[in-house]
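Structural overview
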Amino acid sequence: RIILAFESSADETSVAIIKNGNEILSLEIATQIKSHQRFGGIVPEVASRHHIEQITLLVEAALSDAQLTYDDLTAVAVTYGPGLVGALLIGITAAKTIAWAHNLPLVPVVHMAGHISAAQFVEPIQYPALALMVSGGHTEFVLMNSENDYVVVGDTRDDAVGESYDKVGRTMGLSYPAGKTIDQMAHQGESTYQLPRALMNDGKLDFSFSGLKSAVINLKHNADQRSETLDLTNLATSFQSAVLEILLTKTRLALEKYPVKMFIVAGGVAANQGLRDGLDQLSAEFEQIKLVKVPLELAGDNAAMIGAAGDIAYRHGKRAGWDLNAKPGLDFDYLSPEIEFKVP
Ligand code: ATP
Ligand code: FE
Ligand code: MG
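Residues numbered from 1 in each chain as written. Chains lettered and ligands numbered in written order. Predicted model: local features only at pLDDT ≥ 70, side-chain atom pairs only at ≥ 80, totals over all residues.

Before going further, it helps to examine the sheet that holds strand S4 (residues 75–81). Strand order across the open sheet formed by five strands is S3-S2-S1-S4-S5, with mixed pairing between neighbours. Each end of this open sheet is capped by a strand with a single partner; those strands are strand S3 (23–31) and strand S5 (106–110). Each strand of the sheet is rotated relative to its neighbour by a mean of 20°, with strand direction disregarded. Contacts between helix H2 (residues 44–66) and the sheet are confined to strand S2 (12–19) and S3, with S2 contributing the most and set at about 25° to the helix. Together, strand S1 (2–7), S4 and S5 form the strand contacts of helix H3 (residues 85–101), whose direction differs from that of S4 by roughly 160°. (Pairing = 2+ DSSP bridges. Helix = DSSP H or I, 4+ residues; strand = E, 2+ residues; numbered from the N terminus. Axes fitted to C-alpha atoms, helices over the stretch in contact; angles between N-to-C directions. Contact = placed C-beta atoms within 7 Å.)

Right under this line is the structure:
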């Protein structure tokens, strides 16, 4: 099986060709970060325009890097949500066009299933599996009792962890996205600022990050009022310590509740070195559970992960019709009803 995969939900345009769900024959990623940086976040219309400019070029590059033609393809997979509607539509339209022109099945992929499936590039996922899905838009535990079966068993009640990194970074005057910079700074300072950790003793798998984010914003605001300067390195360390304590405490609880075979950490924030180290230590307490951290270079948005998830969905008979539409607010819960329709 050779799958041509598309990802265009946010600010990365990406096309990949994936063999049997776990081998990258080619991967093209065009990032637009520079165009959005001066706005401090993604501007949807700007994102759409970049996707349009890049997408056909990336398809040609992906085919030529893999030394393949359209005739070699088994299926086309595409992210259909969640994300920015205008951005998603570019990937969906490109995928539909190629699938229609070359008579290939069209496979719809939920973006978070893609993030989690990046684990397949490390080793085959063993079920039951549990994933900590941490990114710019999501902070959730996803239980997979079997392949292609995703159930959200814990979620954030407000901000996603990546979003709080980016907002805290903006307060600190760092450029967007700030996760990686804060992570690097965090390793150089000391945790000197007292910051709140929410929902720590509720015994539940839900998260809340808005109080932590607001505490940092207030700290900065109050310091500015008094013309005091904050030690930004120590602030980064304090913030990341709070984040890690929350994520690791909830992960311990999740693994006690769901003694799965494999635990996967996925999403853009899975690139966080503090989190990767913390999970390594934690996993020593759970000998029967295999920890898989998605590869660093595949933690952020890319089409390779969509090809991996697309391969799973393809084998399970998931198909979209030509009426496939972008679903900006898509969640795993929508998975079954949304994709029952078949290619005419
Ligand atoms: P979603 O996947 O929920 O739709 P998204 O696709 O925008 O959201 P990703 O691209 O998966 O999110 O991840 C981007 C996020 O990851 C940003 O918020 C970024 O700051 C964060 N991030 C990247 N590297 C690190 C790091 N080393 N430490 C913490 N956060 C990081
Ligand atoms: Fe993402
Ligand atoms: Mg992104």
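With their axes 10 Å apart at the nearest point, helix H5 (residues 161–171) and helix H7 (residues 210–225) run at an angle of 0° to one another. Between H5 and H7, the angle is such that the two are roughly parallel. Of H7, the residues touching H5 (which contributes Ser164, Lys167, Val168 and Thr171) are Leu212, Lys213, Val216, Ile217 and Lys220. Taken together, the residues of the contact of H5 with H7 break down into four nonpolar, two polar and three charged. (Parallel < 35°, antiparallel > 145°, perpendicular 65-115°, else oblique. Nonpolar A, V, L, I, M, F, W, Y, C, P; charged D, E, K, R; others polar.)

Moving on, we come to the UniProt feature "domain: Gcp-like" (unreviewed entry) in the protein chain. The positions that UniProt labels "domain: Gcp-like" (unreviewed entry) are, in the present scheme, residues 23–307. Structurally, residues 23–307 comprises 45% helix and 16% strand, and the distance from its first C-alpha atom to its last is 10 Å. (UniProt positions renumbered as here; feature names shortened; annotations may be inferred.)

According to UniProt, the "binding site: Fe cation" (unreviewed entry) feature falls on His111, His115 and Asp301. Taking the farthest pair of C-alpha atoms as the criterion, the annotated set spanning 191 residues converges on one region, since that pair is 8.8 Å apart. Considering the arrangement of structural elements, one finds His115 in helix H4 (residues 111–117). Apart from the residues lying within four places of it in its own chain, the contact partners of His115 are Met133, Ser135, Ala266, Gly267 and Met305. If you trace the backbone, Asp301 turns up in the loop between strand S10 (290–293) and helix H10 (303–315).

Gly136, Gly137, Gly162, Gly179 and Gly268 are the nearest of the 25 residues found near ligand 1. Elements represented by at least two residues in the shell around ligand 1 include exactly H4, H5 and helix H6 (179–186). In terms of residue class, the shell around ligand 1 is built from seven nonpolar, 14 polar and four charged. (Near = placed C-beta within 6 Å.)

Here Thr181 is to be found in helix H6. Separated by 15 residues in the primary sequence, Thr181 and Asp166 place their C-alpha atoms 9.9 Å from one another. Dropping the residues within four chain positions of it, Thr181 is found in contact with Gly169 and Leu174.

A word on the nonpolar core. The biggest cluster of nonpolar side chains holds 100 residues, and the ones touching the most others in it are Ala5, Val109 and Ala266. It is H10 that contributes the most residues to this core, nine residues altogether. Discounting chain neighbours no more than four positions away, the residues touching Val109 are Ala77, Val78, Thr79, Tyr80, Gly114, Ile306, Ala309, Gly310 and Ala313. (Core = buried A, V, L, I, M, F, W, Y, C linked by C-beta atoms within 7 Å. Buried ≥ 20, exposed ≤ 12 C-beta atoms within 10 Å, placed from the backbone.)

Moving on to the pairing of S1. Burial of S1 is extensive: five of the six residues sit out of reach of the surface. Sheet topology note: the S1/S2 ladder contains six bridges and is antiparallel. Paired with Glu7 across the bridge in S2 is Ser14. Taking the residues between adjacent antiparallel strands as the criterion, S1 and S2 are bridged by four residues. As judged from the four bridges shared by S1 and S4, these two strands associate in the parallel manner. Counterpart to Ala5 in the pairing with S4 is Ala77.

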